[in-house]
Amino acid sequence: MESPANDQAAAERPVGFFDSGLGGLCILEAFKRACPRESTVYIADSANCPYGNRPPGEIVEISEKNTRLLLDRGCKMVVVACNTATAAAIDVLRENHPSVPFIGIEPAVKPAALKSRSGVVGVLATAGTFGGRLYRETKERFAKGVEVIATVADEFVELVENGETGGPRAEEAVRAKIAPLLAAGADHIVLGCTHFPHLRPLIEKIAAGRAEVVDPSEAVARQARRVLLRFGLAASGSAGPQHEFIRT
Ligand code: DGL
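Residues numbered from 1 in each chain as written. Predicted model: local features only at pLDDT ≥ 70, side-chain atom pairs only at ≥ 80, totals over all residues. Heavy atoms only, no water.

(A) Region of the structure containing the overall build of the protein chain. The secondary structure content of the protein chain amounts to eleven helices and nine strands. Since a compact globule built from 248 residues should have a radius of gyration of about 18 Å, the 18 Å found for the protein chain is in line with a globular shape. Seen through its C-alpha atoms, the protein chain measures out along the principal axes to roughly 55 × 35 × 35 Å. When contacts within the protein chain are restricted to residue pairs at least 6 apart in sequence, long-range pairs at least 24 apart make up 79% of them. Summed over all atoms, the accessible surface of the protein chain reaches about 11,000 Å², with 51% contributed by carbon and sulfur. (Helix = DSSP H or I, 4+ residues; strand = E, 2+ residues; numbered from the N terminus. Rg over C-alpha atoms; globule rule 2.2 N^0.38 Å. Contact = heavy atoms within 4.5 Å. Areas by Shrake-Rupley, 256 points an atom, 1.4 Å probe, with all protein chains shown as cover.)

Below you can see the structure in the form of structure tokens.
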């Protein structure tokens, strides 16, 4: 990748984020905590939600459109705050925009597999994420000898988009996905979709004392911070950070 212009004006530009809706807000919030001086632009691409079952080619098109919108807004870096979009599109985005740093997100199978004592790990994600090369390769490399149970939990996306992160309907939907993982002996449950941390209190309540919930949001935020520093793109924030929210 070419190094982006290393000047202060470039550094004061915002960091862009996109997801199929509200899911990626957990990444955005973690990023704001890690980098309080940075301005941000967040695209909640509700018009195209959900991404989970779309063919990879469509996700690439949608991701490219979101990226262009963020770059038109002057963004200096793009955080693909969506596992599904990362799986389908991050290689193409990097190829299409070689001067822009991209940060992606993938299910945290590696730390979960390394820490598992039972040798069974549950992963919740979309079909698109499970179908991608990143997931397959990470699993093959880092989860040897560990049983990884892949569970598609599209219902969670709808719950979060409807703001239904508590109450009996949400609890029933979460229990239906978590109970089989616990019954199979999973001692770690990986949140492999950025919508799912919004249901974390419910997931933790159901898994309490049996499985640890693994959410990579903070790790992604730290990685974004490292990349900004590496490219000399960290904002001074002297004008005060601005945060823009765009809903399609
Ligand atoms: N939040 C997205 C992810 O991390 C996907 C949700 C959807 O299916 O749109 O995979």
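(B) Local environment of the nonpolar core. Counting 25 residues, the largest nonpolar core has Leu124, Phe156, Val174, Ile178, Ile189, Phe196 and Ile203 as its most contacted members. When contributions to this core are tallied by element, the ones reaching two or more residues are strand 5 (120-125), helix 8 (154-161), helix 9 (168-183), strand 7 (188-191) and helix 10 (200-207). At five residues, the largest contribution of residues to this core is made by helix 9. What Ile178 contacts, discounting residues up to four positions off in sequence, is Leu124, Ile189, Ile203, Ile206 and Ala207. By size, the runner-up hydrophobic cluster in this structure holds 24 residues, among which are Met77, Ile105, Val227 and Leu233. (Core = buried A, V, L, I, M, F, W, Y, C linked by side-chain atoms within 4.5 Å. Buried < 20%, exposed > 50% of the residue type's maximum accessible area, 1.4 Å probe, protein only.)

(C) Structural context of the site of the ligand. If you check the shell around the ligand, you find 13 residues, and the closest are Ser20, Tyr51, Asn83, Thr84 and His195. The contact in question runs from a nitrogen atom of the ligand to an N or O atom on the side chain of Asp19, over 3.0 Å. Measuring from an oxygen atom of the ligand, one finds a side-chain N or O atom of Ser20 at 2.6 Å. Protein chains shield 100% of the accessible area of the ligand, which is 300 Å² for the free molecule. Using a 2 Å cut-off from the grid points, one finds that the ligand occupies the largest cavity. (Near = heavy atom within 4 Å. Polar contact = N/O pair within 3.5 Å; in protein donor to acceptor, adjacent residues only side chain to side chain. 1 Å grid on protein atoms, 1.4 Å probe; cavity = no way out; pocket = protein on both sides within 12 Å on 5 of 7 lines; lining within 4 Å. Sits in = over half its atoms within 2 Å of the grid points.)

(D) Region of interest: the side chain of Thr67. Considering the arrangement of structural elements, one finds Thr67 in helix 3 (residues 56-72). Residues within four places of Thr67 in sequence aside, it is in contact with Phe18, Val78, Leu93, His97 and Phe102.

(E) Structural view of the confidence of the model for the protein chain. Predicted confidence across the protein chain gives a mean pLDDT of 96, with 98% of residues reaching 70 or more. Counting interchain partners and residues more than four positions distant, the pLDDT-below-50 stretch residues 1-5 has 14 contacts. (pLDDT = per-residue confidence, 0-100.)

(F) Spotlight on the sheet that holds strand 4 (residues 102-103). What the five strands build is an open sheet, ordered 4-3-1-2-9; its pairing is parallel. Looking at which strands have only one partner, the edges of the open sheet turn out to be strand 4 and strand 9 (243-247). Bridge analysis of strand 1 (residues 15-19) against strand 3 (residues 77-80) gives four bridges, and the strand direction is parallel. Paired with Gly16 across the strands is Val78, a residue of strand 3. Contacts between helix 2 (residues 25-34) and the sheet are confined to strand 1, strand 2 (40-44), strand 3 and strand 9, with strand 2 contributing the most and set at about 170° to the helix. (Pairing = 2+ DSSP bridges. Axes fitted to C-alpha atoms, helices over the stretch in contact; angles between N-to-C directions.)

(G) Just the pattern of salt bridges, in detail. By the definition in use, this model includes 16 salt bridges. Taking the shortest distance from any N to any O, the salt bridge between Arg54 and Glu58 comes out at 2.8 Å. A salt bridge links Glu64 to Arg68, with the shortest nitrogen-to-oxygen separation between them at 2.8 Å. Taken as a pair, Glu64 and Arg68 lie in helix 3 at a separation of four residues, close to a single helical turn. Residue class for Arg68 comes out partly exposed when judged on its relative accessible area of 46%. (Salt bridge = Lys/Arg side-chain N within 4 Å of Asp/Glu carboxyl O.)

(H) Up close: unusual backbone geometry. The residue after Cys49, namely Pro50, is reached through a cis peptide bond having omega 0°. Relative to the elements of secondary structure, Pro50 occurs in the loop between strand 2 and helix 3.

(I) Seen up close, the pairing of strand 1. By the criterion of burial, strand 1 is predominantly enclosed, with five of the five residues buried. As judged from the five bridges shared by strand 1 and strand 2, these two strands associate in the parallel manner. What sits directly across from Asp19, in strand 2, is Ala44. Handedness of the crossover is the feature at issue here: the chain leaves strand 1, passes through helix 2, returns alongside strand 2, and the resulting connection is right-handed. (Right-handed = clockwise from strand over helix to strand, strands pointing away.)

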